[in-house]
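Structure at a glance
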Amino acid sequence: MANLVSTWSKTTQILPGNYIFPVNQRPGPVEVSLCQSIPLIDLSTSHSQQVQEILQACQEFGFFQAINHGVSEYLIDKTMKVCKEFFNMPNEEKEKLYTNDLTKGYRFFTSSYDYINEKIHFWRDNLQHQCHPIDEWVHSWPEKPTNYRDVVRKYSLEVRKLSLRMLELICEGLGLEHGCFEELTGAQLLSINHYPWWPDPGLTLGLPKHADHSLITVLLQGSVHGLQVCKDGKWLNVGPVPHAFVVNIGHQLHVISNGKLRSAEHRVVTNSREARTSIVNFINPCRDTIVKPAKSMSGTDAPLFRPYKYKDFFKLFHEKQGDTQAVMKIYKIKP
Ligand code: OGA
Ligand code: NI
C-alpha cells in the first residue's frame, strides 16, 4: 500500500514528478478568492421558491450551496472534527486501517483511481465507506477515533434525509411524478478527503477535473477553499460558506433528466496555507439498477442516452479515470 501523501509530504519540499499534472490540466495561478460564484439557496423560503431556484441552479450550474437546510450546526462541527481527528491520528494507527479492498465495506487509501497503474497521483488521502442501509455497514467503519461511528452515523442519516429532500424538490421542478427517484437512491457512499497543504498549488491537484458518478452529491467543505466548478469554460471558486452544503448533480441525474440538468465538471486545487478536509456524501443507485432517461423527460425529445446498469457505468468511470466525456460518449445516442 502506498504511503499517505499527508505523511511523506511533511518531510519534503520537492514535489515528486508523479504528482505534477500536464500543463493543460494545471490550475495556473491559484486565486484564493471567496467569491460566491455558484447560487446560494436558502431552504427556509417558500416551497415554490425553493423548487424554482433549485431547478434554475441545476440547469445553469449543476451546483449550488444550501443554507438553512435543517442539519444542526453542532452535528456538522462534530462530524468535521472527528473526520479531521481520523486523519490526524498517528501513522501507526492509520497504517492498520489501510485497505483498497472495497468488499471490506470501507476503503482507506492515498490518491487516486488506480494508484498502481496511473501515471499521475492526486494530492489527497481518502477514506470512504458505504452508509445505507446504515445498520448493515456501521460495523465495518473505522473504530477510531472512538466516537467516529456514533457521530458519522448520525451525520450520514441526516445528510441522507437532506439529499432525498433535494431530490424531491428537483423532481417537482422537472415536472416528474412524486417519488420517481426513489428506486435510484439505494446506496449511499461517504467519501472523506484530506488534502494536505502544499506551498505551491500551481502544479498538482487534489482532484482533477471530473463530474460525479452519483445521482446527487451533498458536500461539506469546512472553511478551507479548494473546490472549483467549470462553467462556460471558466473555473469558478466555490467559496466556503459556514455550515452550508454544496449540492451538485451527478451523472445519473443528468441522464435521467435527459440532459436537462447539468452534471458539471469540477476539481480541487491544493491550498498553500492549510490542509483541507471535505466530507462528500454520494447518493447512488444500487449496482444492478437500470439508469435511463425518465419517460416524461424524453416524451417530446428523443432519449439522448441508452439505458445501462449502474455497476457498468461505475466500472467504466473508473477505467476512464473520471473522464466524463469519454464515459458519456459510450452511453450517448448519436443523433
Ligand atoms: C469528489 C469531489 C470535492 C471536494 O469527491 O467527487 O468532487 O471539495 N470532492 O473535496
Ligand atoms: Ni466530485
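As shown above, the structure is provided for reference.
A few points on the structure. (Residues numbered from 1 in each chain as written. Chains lettered and ligands numbered in written order. Predicted model: local features only at pLDDT ≥ 70, side-chain atom pairs only at ≥ 80, totals over all residues. Heavy atoms only, no water.)

1. Things to note about the site of ligand 1
Filter applied, for reference: The rule for a residue being near a molecule or strand is that one of its heavy atoms must lie within 4 Å of it. Polar contacts, as counted here, are pairs of nitrogen or oxygen atoms within 3.5 Å of one another; within protein the pair requires one atom able to donate a hydrogen and one able to accept it, and residues that are adjacent in sequence qualify only if both atoms are side-chain atoms. The Shrake-Rupley method, run with a 1.4 Å probe sphere, supplies the accessible areas, and residue values consider only the shown protein chains as cover. The definitions used throughout rest on a 1 Å grid laid over the protein atoms alone, on which a cavity is an enclosed set of points accommodating a 1.4 Å probe that cannot get out and a pocket is an open set flanked by protein within 12 Å on both sides along at least five of seven lines; lining residues are those having an atom within 4 Å of a point. Put plainly, a molecule is in a cavity or pocket when over half of its atoms are within 2 Å of the grid points there. Numbering goes from the N terminus for both helices and strands, where a helix is a DSSP run of H or I of at least four residues and a strand is a run of E of at least two.
Contacts to ligand 1 come from 13 residues, most closely from Tyr195, His210, His266, Arg276 and Ser278. One nitrogen or oxygen atom from the side chain of Ser278 is found 2.5 Å from an oxygen atom belonging to ligand 1. Contact with the protein chains hides 96% of the accessible area of ligand 1, taken as 290 Å² for the molecule alone. According to the grid-proximity analysis, the pocket containing ligand 1 is the largest pocket. Elements with a contribution of two residues or more to the shell around ligand 1: β5 (187–195), β6 (207–210), β11 (266–268) and β12 (276–284). Ranked by residues supplied to the shell around ligand 1, first place goes to β12 with 4 residues.

2. Structural notes on the layout of surface pockets
The cut-off we apply is this: Grid points are joined across faces, edges and corners, and a volume is the space filled by probe spheres set on the points. In this classification, the charged set is Asp, Glu, Lys and Arg, the nonpolar set is Ala, Val, Leu, Ile, Met, Phe, Trp, Tyr, Cys and Pro, and all remaining amino acids, among them Gly, are polar.
Taken as a whole, the largest pocket holds about 790 Å³ of empty space. As for the largest pocket, its lining consists of 41 residues, of which Gln128, Leu189, His213, Asn284 and Phe314 are closest to the centre. Broken down by secondary-structure element, the contributors of at least two residues to the lining of the largest pocket are β3 (106–110), β4 (125–130), β5, β6, β7 (216–220), β11, β12 and α8 (310–319). For the lining of the largest pocket, a count of residues per class yields 18 nonpolar, 17 polar and 6 charged. One number sums up the size of the second largest pocket: a volume of about 540 Å³. In terms of lining, the second largest pocket is formed by 24 residues, of which the most central are Phe21, Gln25, Pro208, Lys209 and Gln321. Listing elements by their share of the lining of the second largest pocket, those giving two or more residues are β6 and α9 (324–331).

3. Focus: the side chain of Lys94
Rules: Each residue gets one of three labels from its accessible area relative to the maximum for its type: buried under 20%, exposed over 50%, partly exposed in between, using a 1.4 Å probe on protein chains only. Charged residues are defined here as Lys and Arg on the positive side and Asp and Glu on the negative side; His and the ends of the chain fall outside this count. When a carboxyl oxygen of Asp or Glu is within 4 Å of a side-chain nitrogen of Lys or Arg, the pair counts as a salt bridge. For this analysis, residues touch if any pair of their heavy atoms sits within 4.5 Å.
Following the sequence through the fold, Lys94 ends up in helix α4 (residues 91–95). In this structure Lys94 is buried but unpaired, with Asp125 as the nearest side chain of opposite charge at 5.9 Å. Discounting residues that sit within four places of it in the chain, Lys94 has contacts with Leu4, Ser6, Phe86, Phe87, Met89 and Phe108.

4. Structural notes on the nonpolar core
Defined as follows: Here, the term nonpolar core denotes a set of buried Ala, Val, Leu, Ile, Met, Phe, Trp, Tyr and Cys residues that are joined through side-chain atoms within 4.5 Å.
With 90 residues, the main nonpolar core has Ile170 and Phe181 as its most contacted residues. The biggest single contributor to this core is helix α6 (residues 148–174), with 12 residues. Non-local contacts of Phe181, meaning those with residues more than four positions away in its chain, are made with Leu167, Ile170, Cys171, Leu174, Leu176, Leu253 and Ile256. If you look at the next biggest cluster of nonpolar residues, it comprises 6 residues, including Trp8, Leu15, Tyr19 and Trp198.

5. Structural notes on the sheet that holds β11
Here is the rule: At least two DSSP bridges between two strands are required for those strands to pair. Here an axis means a line fitted to C-alpha atoms, over the contact stretch when the element is a helix, while the angle between two N-to-C directions is reported on a 0 to 180 degree scale.
Read across the open sheet, the 4 strands follow the order β6-β11-β8-β9; overall the sheet is antiparallel. Both outer strands of the open sheet, β6 and β9 (234–237), are each paired with one neighbouring strand and no more. On average, each strand axis in the sheet is inclined to that of its neighbour by 20°, with strand direction left out of account. Judged from the 4 bridges that link them, strand β8 (residues 227–231) and β9 form a sheet pairing that is antiparallel. Looking across to β9, one finds that Gln228 is bridged to Asn237.

6. Quick look at the pairing of β3
Successive side chains on a regular strand alternate, one facing one side of the sheet and the next facing the other. Counting buried positions over the 5 residues of β3 gives 5, a clear majority of the element. The side-chain alternation of β3 yields two buried faces, one formed by Tyr106, Phe108 and Thr110 and the other by Arg107 and Phe109. Inspection of the sheet shows β3 paired to β4 by 5 bridges, in the antiparallel sense. Bridging from a neighbouring strand, Arg107 pairs with Gln128 of β4.

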